[in-house]
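# Commentary on secondary and tertiary structure
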Amino acid sequence: MSKSDMFRAAKETLKSHMGIEGDSLAEYMDTYFDRAWDNFDVNGDGEVEVIKTPMFMRFLASDQTMQLGESG
């Protein structure tokens, strides 16, 4: 996923799973998204494998038990 795609997915995930919206969501994303992105895009390629998206979302939300509906 590109950074912009992950950003959009992260906003939706935080809204639907954590109830963060509006200014609180914008502030949360401003504070934590780039840190999370840099943690996952270690080579600076500008992409993160789609399969790592659930891990990214849990990391961003700081909730390793978050249920995202993925299988496996």
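On a predicted model such as this, the values are computed, not experimentally measured, just so you know. (Residues numbered from 1 in each chain as written. Predicted model: local features only at pLDDT ≥ 70, side-chain atom pairs only at ≥ 80, totals over all residues. Heavy atoms only, no water.)

### Some remarks on helix 2 (residues 22-40)
Let me state the cut-off plainly: Only DSSP runs of H or I reaching four residues or more are called helices, and only runs of E reaching two or more are called strands; each is numbered from the N terminus. Residue count minus one, scaled by 1.5 Å, sets the expected span of a helix. Think of it in three bands: with a 1.4 Å probe and only protein chains considered, a residue is buried below 20% of the maximum accessible area for its type, exposed above 50%, and partly exposed in between. In what follows, residue pairs with any heavy atoms lying within 4.5 Å of each other are defined as contacts.
Under the 1.5 Å per step criterion, the end-to-end length of helix 2 is 26 Å for 19 residues, consistent within 8% with the ideal 27 Å. Among the residues making up helix 2, those that are buried are Leu25, Tyr28, Met29, Phe33, Ala36, Trp37 and Phe40. Looking at the packing, one finds that the buried side of helix 2 touches helix 1 (3-18) and helix 3 (53-61).

### Here's the deal with the nonpolar core
As a reminder of what qualifies: Among the buried residues, those of types Ala, Val, Leu, Ile, Met, Phe, Trp, Tyr and Cys that are joined through side-chain atoms within 4.5 Å form a nonpolar core.
By size, the foremost hydrophobic cluster in this structure holds 17 residues, and its most contacted members are Met6, Ala10, Leu14, Met29, Phe33, Phe56 and Leu60. At the level of elements, helix 1, helix 2 and helix 3 are the ones that each hand at least two residues to this core. In terms of residue count, helix 2 provides more of this core than any other element does, seven residues in total. Not counting residues up to four positions away in its chain, the partners in contact with Ala10 are Met29, Phe33, Phe56, Met57 and Leu60.

### Some remarks on the confidence of the model for the chain
Formally: The score called pLDDT rates the predictor's confidence residue by residue, from a low of 0 to a high of 100.
In the predicted model, the chain carries a mean pLDDT of 93, and the fraction of residues at 70 or more is 97%. Across the chain, element-level confidence peaks in helix 2 with a mean pLDDT of 97 and bottoms out in helix 3 with 95.

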